[in-house]
Amino acid sequence: MLGPSISRDAELRVLGDLYRALVAHGLCVQLRDAVPGLTITRTGGTALDVIGYVVVNRRKGQVSWWRVGNLHPVTDLDGAVDRIVAFMAESAASGRPGSRS
């Protein structure tokens, strides 16, 4: 089910809320400038150490991370954060950043 379309301002608020929540879960997160979104890096990492990307699809009102199939409505940011944190933990456990085994 698609979520509601959201404005550019709402997209930036969602990214800010996700940023704070993911940092609170211990992830190293940076806000991207060129295309609004978040990058998740290894602790102390640089742009070359990115292991995850998070963006908001404004038209669909969904948060997406790493793969196009990883979607969650912006109306449930707590659920999105839980899914992103779980995805990153699985990726780290598999030894292949940004992937699932």
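Residues numbered from 1 in each chain as written. Predicted model: local features only at pLDDT ≥ 70, side-chain atom pairs only at ≥ 80, totals over all residues. Heavy atoms only, no water.

Q: Just checking my understanding: could you explain the sheet that holds strand β2 (residues 37–41) for this structure?
A: Taken together, 5 strands build an open sheet; the order of strands is β1-β2-β3-β4-β5 and the sheet is antiparallel. Bordering the open sheet on either side are β1 (28–32) and β5 (67–73), each of which pairs with just one other strand. When strand polarity is set aside, the average angle formed by the axes of neighbouring strands in this sheet is 25°. Two strands pair when backbone bridges link them, and strand β3 (residues 50–57) and strand β4 (residues 62–65) are joined in this way by 4 bridges, in the antiparallel orientation. When the bridges of β4 are listed, Val 54 appears paired with Trp 65. Here helix α2 (residues 77–94) sits on the sheet and contacts β2, β3, β4 and β5; the angle it forms with β5, its principal contact strand, is near 145°. (Pairing = 2+ DSSP bridges. Helix = DSSP H or I, 4+ residues; strand = E, 2+ residues; numbered from the N terminus. Axes fitted to C-alpha atoms, helices over the stretch in contact; angles between N-to-C directions. Contact = heavy atoms within 4.5 Å.)

Q: Can you walk me through the pairing of β1 in this structure?
A: The side chains of a regular strand alternate, first on one face of the sheet and then on the other. The pairing of β1 with β2 spans 5 bridges and is antiparallel. When the sheet's bridge partners are listed, Leu 31 is paired in β2 with Leu 38. What sits between the antiparallel neighbours β1 and β2 is a turn of 4 residues.

Q: What is the right way to read α2 from this model?
A: Given 3.6 residues per helical turn, the α-helix brings residues three or four places apart onto the same face. In a regular helix each residue adds 1.5 Å, so 18 residues correspond to 26 Å; α2 covers 25 Å between its end C-alpha atoms and thus fits that length. Every buried residue belonging to α2 is among Leu 77, Gly 79, Ala 80, Val 81, Ile 84, Phe 87, Met 88 and Ser 91, and all of these are buried. Those residues of α2 hidden inside the fold are in contact with α1 (8–24), β2, β3, β4 and β5. (Expected span 1.5 Å × (residues − 1). Buried < 20%, exposed > 50% of the residue type's maximum accessible area, 1.4 Å probe, protein only.)

Q: Can you help me understand the side chain of Glu 11 in this one?
A: Looking at the element boundaries, Glu 11 is found in helix α1. Ignoring sequence-local partners within four residues, the contact set of Glu 11 consists of Ile 6, Pro 36, Val 56 and Arg 58.

Q: What should I look at first to understand the nonpolar core in this one?
A: Here is a general trend for soluble globular proteins: nonpolar side chains tend to be buried in one another's company. The biggest cluster of nonpolar side chains holds 22 residues, and the ones touching the most others in it are Leu 18, Leu 22, Ile 40, Val 54, Val 63 and Ile 84. Counting residues per element, this core draws most heavily on α2, at 6 residues. Residues contacting Ile 84, with those up to four places away along its chain left out, are Leu 22, Ile 40, Val 54, Val 63 and Trp 65. (Core = buried A, V, L, I, M, F, W, Y, C linked by side-chain atoms within 4.5 Å.)

Q: What's the story with a nonpolar patch on the surface in this structure? I'm lost.
A: A cluster of nonpolar side chains, contributed by Tyr 19, Val 23 and Leu 31, occupies part of the molecular surface with about 260 Å² of accessible area. With respect to the helices, strands and loops of the structure, Val 23 is situated in helix α1. The exposure class assigned to Val 23 is partly exposed, which follows from its relative accessible area of 37%. (Patch = residues over 30% accessible without salt bridge, like charges linked within 9 Å, V, L, I, M, F, W, Y side chains within 5 Å. Areas by Shrake-Rupley, 256 points an atom, 1.4 Å probe, with all protein chains shown as cover. Salt bridge = Lys/Arg side-chain N within 4 Å of Asp/Glu carboxyl O.)

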